[in-house]
Amino acid sequence: MLTQDIRDLLTDTTDLNQLKWDLNRLQPVDVGDYITQLPEQQRAIAFRLLNKAQAIDVFEYLPTEVQEELINSLHDVQVVQLVEAMSPDERAELFDELPAGVIKRLLQELSPEQRQATATILGYPEGTAGRVMTTEYVRLRQGLTVGEALSKIRRQDEDKESIYYAYVTDDNRTLVRVVSLRQLLFTFPDVFIKDIASDRVIKVRTETPQEEVARIMQRYDLIAIPVVDREDRLVGIVTIDDVMDILQEEATEDIQKLAGVSGDEAALSSPLLTIRNRLPWLLGIMAMYIGAASAIAPFQSVIAAVPVLAVIMPIFSNTGGTVGIQSLTVTIRGLGVGEVTPKDTLKILRKEILAGLGTALALATTMILLSLIWARPQERWVALIAGMVMATNTIVAVTLGTLLPMALTRLKLDPALVCGPLVTTMLDTIGFLTFLSLISLALNVFHLPT
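Residues numbered from 1 in each chain as written. Predicted model: local features only at pLDDT ≥ 70, side-chain atom pairs only at ≥ 80, totals over all residues. Heavy atoms only, no water.

With an unreviewed UniProt entry as reference, the protein is termed Magnesium transporter MgtE, source organism Nostoc flagelliforme CCNUN1. Under the UniProt heading Sequence similarities (unreviewed entry), the note attached to the protein is "Belongs to the SLC41A transporter family." Quoted verbatim from the Subunit (unreviewed entry) heading of the UniProt record, the comment on the protein is "Homodimer." (UniProt positions renumbered as here; feature names shortened; annotations may be inferred.)

Here it is, written out as C-alpha cells:
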C-alpha cells in the first residue's frame, strides 16, 4: 500500500528523493489523501517535497484542518502562493476555519482581484448559493460573434474554473442568455452569440439555500448554474463539484441528526472529539428515557402481579421505535431530495397508514403468539391486550414518523432535527402508558386472574 510506503520513506531520509518522485507523479487528489493519512508531524515534510504546481493543486484537496496545519508550518511566501492560487469559494471555506488575525494577514497579501472575490463570498450567509459559488466564470457580451467569443475565451478565460457554459450579459452585467461551449465550437465564427444562446436561463439567487441549488442542478442535469443578485446581475456560478460536496455534507448531517450525533465527527476522528460530539446527545437521550421510565413507575405493583409484562414490554419498545424510524427516514429522505413537500402530507400519511395497518396486523399476531408462549395459563388474557396495543403503537409510529418532519418543514426548520432516539422515546412512553393502563384496568375492574 502506497501510504505505508510513504511512511517508511519518511523515516529514512536517504529515500526522500524517491518519495519526492512518487508524490509528484501522482494525481493531486491521491496525494491529498496520502498526506491526510500521515501523522501530523510528517505532513509538512511530505508537502514540502511537492513542486510548486503540484503543491497548489494538492492543497485544494486537503481537508480544512490539514490546510490550517500546513499554513502554520510553512513560510509566509509559500502560504500566500497557495492561498492566492485557490479558487475563491475554496479560499472562503478555508478562511471560515482560520483565526481572524491570520485571515487579515492573508487578505492583505492577496492580489486586489482575489481579495475582492474572497470578500464578496464571505459577505454572504453560510449555507447559501452566494457562499458556495465561485467568481471564476466565462462572461460574454451579447454583441460578440462566435469567433470573437472563442478568441476572448482563449486569451482571457483559460484559468476559469468552468468553461462548459458561457454566460451572456448586457452592459449592466444582467444575465440574459447562456450558451454552451459545444454550441460555440460547432457554430460558424461570424454568427452572433445572441442568435444561438438560449434565453431560458436556469439560475439561482445569492440567498438561495445550498440544498435547493443542489436539487435544481440535479433536476436539470446541469454541470454549473449561474448565481445572480437581486437585480439579476451575474455574480458567480456553482459548479458540479461544489454540489457533490453539498450533497455529501447534507446527507452526513441528516444521518448524524437521525442517529443523535452532532458536530463534524468522522470515522477516524480523535476519541476526544467523539466524546465531545456524542456525550451531550447521550445525556439528553438519557433524560428523555428517564421521562419514559417515569411512565412505568406508577405501575410497579401491576408488573409485580403479572411478571410476564417484564418480558413483553421490551418488544414494544424496540418494535415501535423501529417502525417510527423507518417512516421517519423515508419522509426525511423524500423532503431532502425534493420528492415530496408538506403539501403531500395527507397523501403520504394515507399511504403510511395503509401500509401500517398491514404491518400492525402481522406484528400484533406475532405478539399474541409470543405472549401465549411466555405467559402462564392464568396470564394468557394478557396476549389479547398485548396484540391490540402493538397494533395501535404501530399506527401511532408511522403517523409520528410522517407528521413530525412535515411539521418542522412547514415551520422552515430542518426535518432531520427529529432524531431517531426522540421518536423512540415518544413511542415508548405512549406504548407503556397504554399497555400498563389497560392491564391495570383489567386487573382492577374485571378482576382477571394473575
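From this point on, the discussion continues.
Student: What is the right way to look at the UniProt feature "transmembrane region" (unreviewed entry) in the protein in this model?
Tutor: Listed under "transmembrane region" (unreviewed entry) in the UniProt record, and renumbered for this structure, are residues 279-297, 303-325, 353-375, 381-404 and 416-443. Secondary structure content for residues 381-404 is 96% helix and 0% strand, while the C-alpha to C-alpha distance between its ends is 35 Å. (Helix = DSSP H or I, 4+ residues; strand = E, 2+ residues; numbered from the N terminus.)

Student: Any chance you could explain the domain arrangement of the protein here in plain terms?
Tutor: For an interface, size is often stated in terms of accessible area lost upon the parts coming together. Parsing the protein into structural domains produces domain 1 (4-123), domain 2 (137-257) and domain 3 (271-446). Distance between the C-alpha centres of domain 1 and domain 3: 50 Å. (Domains from an automatic or database assignment.)

Student: How should I be thinking about helix α10 (residues 112-122) in this particular structure?
Tutor: Think of an α-helix as 3.6 residues a turn; residues three or four steps apart then line up on the same face. Buried within α10 are the following residues: Gln114, Ala117, Thr118 and Ile121. Projected onto a plane normal to the axis of α10, the buried residues spread over an arc of 95° and lie on a single side. Across from the buried face of α10, at angles greater than 90 degrees, the exposed residues are Pro112 and Gln116. As for α10, its buried residues are in contact with α7 (76-85), α8 (88-97), α9 (100-109) and α11 (129-132). (Buried < 20%, exposed > 50% of the residue type's maximum accessible area, 1.4 Å probe, protein only. Arc of directions from axis to C-beta. Contact = heavy atoms within 4.5 Å.)

Student: Sorry if this is basic, but what is going on with the sheet that holds strand β2 (residues 165-169) here?
Tutor: With respect to topology, three strands assemble into an open sheet ordered β1-β2-β3, the strand pairing being mixed. Looking at strand neighbours, the two that pair on one side only are β1 (139-141) and β3 (175-180), the edges of this open sheet. Each strand of the sheet is rotated relative to its neighbour by a mean of 35°, with strand direction disregarded. Across five bridges, β2 lies against β3 in antiparallel orientation. Each bridged residue has a counterpart across the sheet, and for tyrosine 165 the counterpart in β3 is serine 180. (Pairing = 2+ DSSP bridges. Axes fitted to C-alpha atoms, helices over the stretch in contact; angles between N-to-C directions.)

Student: How should I be thinking about the pairing of strand β6 (residues 234-239) in this particular structure?
Tutor: Each regular strand displays side chains that alternate between the two surfaces of the sheet. Burial analysis of β6 places six of its six residues in the buried class, which makes it a mostly covered element. Bridge analysis of strand β5 (residues 224-228) against β6 gives five bridges, and the strand direction is antiparallel. Bridging across to β6, valine 227 finds its partner in glycine 236. In textbook terms, the turn of a hairpin is the stretch between consecutive antiparallel strands, and for β5 and β6 this stretch comprises five residues, one of which, aspartate 232, has a positive phi near 65°.

Student: Help me understand the sheet that holds β6 in this model?
Tutor: The pairing of strands in a sheet happens through backbone hydrogen bonds and is either parallel or antiparallel. On the basis of which strands lie adjacent, the open sheet formed by three strands has the order β4-β5-β6 and mixed pairing. Edge strands, defined here as strands with exactly one partner in the open sheet, are β4 (204-205) and β6. Here β4 pairs with β5 via two bridges, running parallel. Note that in β5 the partner of arginine 205 across the bridge is valine 228. Of the strands in this sheet, β4, β5 and β6 are in contact with helix α15 (residues 210-219), which crosses β5 at around 135°.

Student: Even after reading the chapter, I still don't get the packing of aromatic side chains, so can you show me in this structure?
Tutor: Each aromatic ring pair is specified by the distance between its two centres and by the angle formed by the two planes. In this structure the tally under the stated criterion is two aromatic pairs. For the pair tyrosine 165 and tyrosine 167, a centre-to-centre distance of 6.5 Å together with 50° between the ring planes defines the contact as tilted. In this structure, tyrosine 165 and tyrosine 167 share a single accessibility class: buried. We note arginine 182 situated over the ring of phenylalanine 186; from NZ or CZ to the ring centre the distance is 5.4 Å. Over the ring of phenylalanine 192 we find lysine 194, and its NZ or CZ is 5.9 Å from the ring centre. (Phe/Tyr/Trp six-rings, centres within 6.5 Å; stacked < 30°, edge-to-face > 60°. Lys NZ or Arg CZ within 6 Å of the ring centre and 35° of its normal.)

Student: Sorry if this is basic, but what is going on with the environment of isoleucine 196 here?
Tutor: Note on placement: isoleucine 196 falls in helix α14 (residues 193-196). Between the C-alpha atom of isoleucine 196 and that of valine 179, which follows or precedes it by 17 residues, the distance is 7.2 Å. Leave out the neighbours within four places in its chain, and isoleucine 196 touches Val146, Val179, Gln183, Leu184, Thr187 and Val191.

Student: Sorry if this is basic, but what is going on with the nonpolar core here?
Tutor: Most often, soluble globular proteins keep nonpolar side chains buried together rather than apart. In terms of nonpolar packing, the biggest core is built from 32 residues, with Phe47 and Phe59 touching the most fellow members. Those elements giving two or more residues to this core turn out to be α2 (16-25), α3 (28-37), α4 (40-48), α5 (52-59), α6 (64-73), α7, α8 and α9. With four residues, α7 is the largest single contributor of residues to this core. Those residues within four positions of phenylalanine 47 in sequence are excluded, and the remaining contacts are Ile35, Ala55, Val58, Phe59, Leu62, Leu70, Leu74 and Leu82. By size, the runner-up hydrophobic cluster in this structure holds 26 residues, among which are Val132, Leu222, Ile225 and Val238. (Core = buried A, V, L, I, M, F, W, Y, C linked by side-chain atoms within 4.5 Å.)

Student: When you look at the UniProt feature "domain: CBS" (unreviewed entry) in the protein in this model, what are you seeing that I'm missing?
Tutor: In the numbering used here, UniProt assigns the "domain: CBS" (unreviewed entry) feature to residues 133-196 and 197-253. Taken end to end, residues 197-253 is 42% helix and 23% strand, and its two terminal C-alpha atoms sit 39 Å from one another.

Student: Honestly, the packing of helix α19 (residues 309-336) against helix α22 (residues 420-444) in this entry has me stumped. Any pointers?
Tutor: When two helices pack together, their arrangement is given by the angle between the helix axes and by the axis-to-axis distance. Remark: α19 packs on α22, axes separated minimally by 8 Å, with the N-to-C direction vectors making an angle of 140°. As judged from the angle between their axes, α19 and α22 are oblique. Read as a crossing pair, α19 and α22 show a hand that is right-handed. Contacts from Leu309, Ile312, Met313, Phe316, Ser317, Gly320, Gly321, Gly324, Ile325 and Leu328 of α19 reach α22 at Gly420, Val423, Thr424, Leu427, Asp428, Phe432, Phe435, Leu436 and Ile439. (Parallel < 35°, antiparallel > 145°, perpendicular 65-115°, else oblique. Left-handed = near helix turned anticlockwise from the far one by under 90°.)

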